[in-house]
Amino acid sequence: MKSIKTAVIGATGYAGEELTRLLYAHPEASVEVLTSKSYCNEAFSDIYASFNHVSCQVLREDELDEISKKVDVIFVALPHGIASKKITSEILENCKVIDLGADFRLKDKDVYEKWYNTEHFSPKLLSEAVYGLCEIHRDEIKNARLVANPGCYTTTSILSLYPVVREGLIDIDSIVIDAKSGVSGAGRGVSLGVHYCETNENIKAYKIASHRHTPEIEQELSFAAKQDITLTFTPHLTPMNRGILATIYAKLKPDVDYETVKSVYIKYFGDEYFVRLLNKGHFPETKWVKGSNFIDIGFEVDERCNRLVILGALDNLVKGAAGQAVQNMNLMFGLKETAGLDYAGIMPA
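Colleague: Got a minute to help me understand the side chain of Glu337 in this structure?
Modeller: When you line up the elements, Glu337 lands in the segment after helix H12 (318-332). When its relative accessible area of 16% is taken as the criterion, Glu337 is described as buried. In terms of polar contacts, Glu337 uses its side chain to reach the side chain of Arg138, at 2.8 Å. Among residues more than four places away in sequence, those in contact with Glu337 are Cys134, Arg138, Phe274, Gln327, Asn330 and Leu331.

Colleague: Is there a simple way to think about the sheet that holds strand S5 (residues 130-131) in this case?
Modeller: Strand order across the open sheet formed by 6 strands is S2-S1-S3-S4-S6-S5, with parallel pairing between neighbours. Since the sheet does not close on itself, it has two edges, and those belong to strand S2 (29-35) and S5, each with one partner. In the sheet, strand S3 (residues 73-76) pairs with strand S4 (residues 96-99) via 4 bridges, with the strands oriented parallel. Considered in S4, the bridge of Phe75 is made with Ile98. Its contacts with the sheet place H12 against strand S1 (4-9), S2, S3, S4 and strand S6 (146-148), and it is angled at close to 155° to S4.

Colleague: Hey, could you run me through helix H1 (residues 14-25) in this one?
Modeller: Structurally, the α-helix is built with 3.6 residues per turn, so residues lying three or four positions apart point the same way. Over its 12 residues, H1 extends 17 Å from the first C-alpha to the last, a length consistent with the 16 Å expected when each residue adds 1.5 Å. Buried residues of H1: Gly16, Glu17, Glu18, Leu19, Thr20, Leu22 and Leu23, and no others. The inward-facing, buried residues of H1 contact S1, S2, helix H2 (44-47), S3 and H12.

Colleague: So what exactly am I meant to see when it comes to the side chain of Ser292 here?
Modeller: One can find Ser292 in the loop between strand S11 (275-277) and strand S12 (295-302). In this structure the side chain of Ser292 is engaged in a polar contact, spanning 3.2 Å, whose partner is the backbone nitrogen of Phe294. For Ser292, the contacting residues outside a window of four places in its chain are Asp315, Val318, Lys319, Tyr343, Ala344 and Gly345.

Colleague: What am I meant to see in the sheet that holds strand S13 (residues 307-314) here?
Modeller: The sheet built from 7 strands is open, its strands ordered S8-S9-S7-S10-S13-S12-S11 with mixed pairing. If you trace the sheet from one side to the other, it starts and ends with strand S8 (204-205) and S11, each paired once. Sheet topology places S8 next to strand S9 (residues 232-237); 2 bridges connect them, and they run antiparallel. Pairing of Lys204 across the sheet is with Leu237, part of S9.

Colleague: Help me understand the environment of Tyr343, please; the structure alone is not making it clear to me.
Modeller: Here Tyr343 shows up in the segment after H12. A C-alpha to C-alpha distance of 30 Å links Tyr343 and Lys70, two positions 273 residues apart in sequence. Ignoring anything within four residues of it in the chain, the contact list for Tyr343 reads Arg21, Leu22, Gly291, Ser292, Phe294 and Val318. A polar contact is formed between the side chain of Tyr343 and the backbone oxygen of Gly291, at a distance of 3.5 Å.

Colleague: Would you mind going over the packing of aromatic side chains with me for this structure?
Modeller: Centre-to-centre distance and the angle between the planes together describe a pair of aromatic rings. Overall, the coordinates contain 11 aromatic pairs when judged by the stated rule. Centre to centre, the rings of Phe44 and Phe51 are 4.7 Å apart; their planes meet at 70°, and the pair counts as edge-to-face. Taking the relative accessible area as the measure of exposure, Phe51 reaches 3% and is therefore buried. Ring centres 5.4 Å apart and planes at 15° place the aromatic pair Tyr265 and Phe299 in the stacked group.

Thresholds applied
Residues numbered from 1 in each chain as written. Predicted model: local features only at pLDDT ≥ 70, side-chain atom pairs only at ≥ 80, totals over all residues. Heavy atoms only, no water. Helix = DSSP H or I, 4+ residues; strand = E, 2+ residues; numbered from the N terminus. Buried < 20%, exposed > 50% of the residue type's maximum accessible area, 1.4 Å probe, protein only. Polar contact = N/O pair within 3.5 Å; in protein donor to acceptor, adjacent residues only side chain to side chain. Contact = heavy atoms within 4.5 Å. Pairing = 2+ DSSP bridges. Axes fitted to C-alpha atoms, helices over the stretch in contact; angles between N-to-C directions. Expected span 1.5 Å × (residues − 1). Phe/Tyr/Trp six-rings, centres within 6.5 Å; stacked < 30°, edge-to-face > 60°.

Below you can see the structure in the form of structure tokens.
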């Protein structure tokens, strides 16, 4: 008998589908409820034929008050601006919630409303919500009722920078993040910008100096540095289905060399199962993390200009979304953190 009863709200988006796939294979979780606004009352396997002989679930409406009384944890995989309307203190008294959207990631309500251009409807829950980056906030996640699951760009950027920011090895005013994402990061909705002819044989930057993940990265790195950080973040869309590759540049402090940088990465991530630190001269590639919950991190010191170049890669739908949500669930329910996630990536894919 599987012990954790789960519900996925917004199961037919890419992150929701990936989460559903992981939960069906999880040794300690059962999928009790799947919801979809667009495909209500249809069979989940009719939307995703890959679930034939796996799921007999019929998609239903997202009546969270009712659902919260029947499950142990609700995963919310909806666009921003919706979860803050739906998640209440009453629901959290019934079950735990892991929100894959952005509504509870930023601690400052005004910052959220400025960047997302919408009202936040549950500001009292912002102080309770725990930022669900397990490698950094593990202890808080274990005791949380509400976890704000980080996104793909933020997870890659924060984890790649965290050790050197925390230990003060870089000039924090010099950080530049150049990140590239597969098209699934844009979601399953129809948009001209992600049509095949628009993305194939093309790479393009978007939301320059205005991407909504910027304040999230700054918030978490500011906590690490214990001072405010403002950085440059530029995302790009690439013609592949999955994956994030971030190339990050920062000026090194005086007398910081390769071995010093290596030592702090080992200090913070040497024992982390899902963080793979690559050997000198080896650098992350999206193909080696595809389909897995791993993030690969490598770096080099450019001695000529005293600059640190860090590279991080992960699967935006797994460690950047659904896999991280399952990792959070495992911590919240006292399970082995790797449960349902300890597998290699897919190659070729």
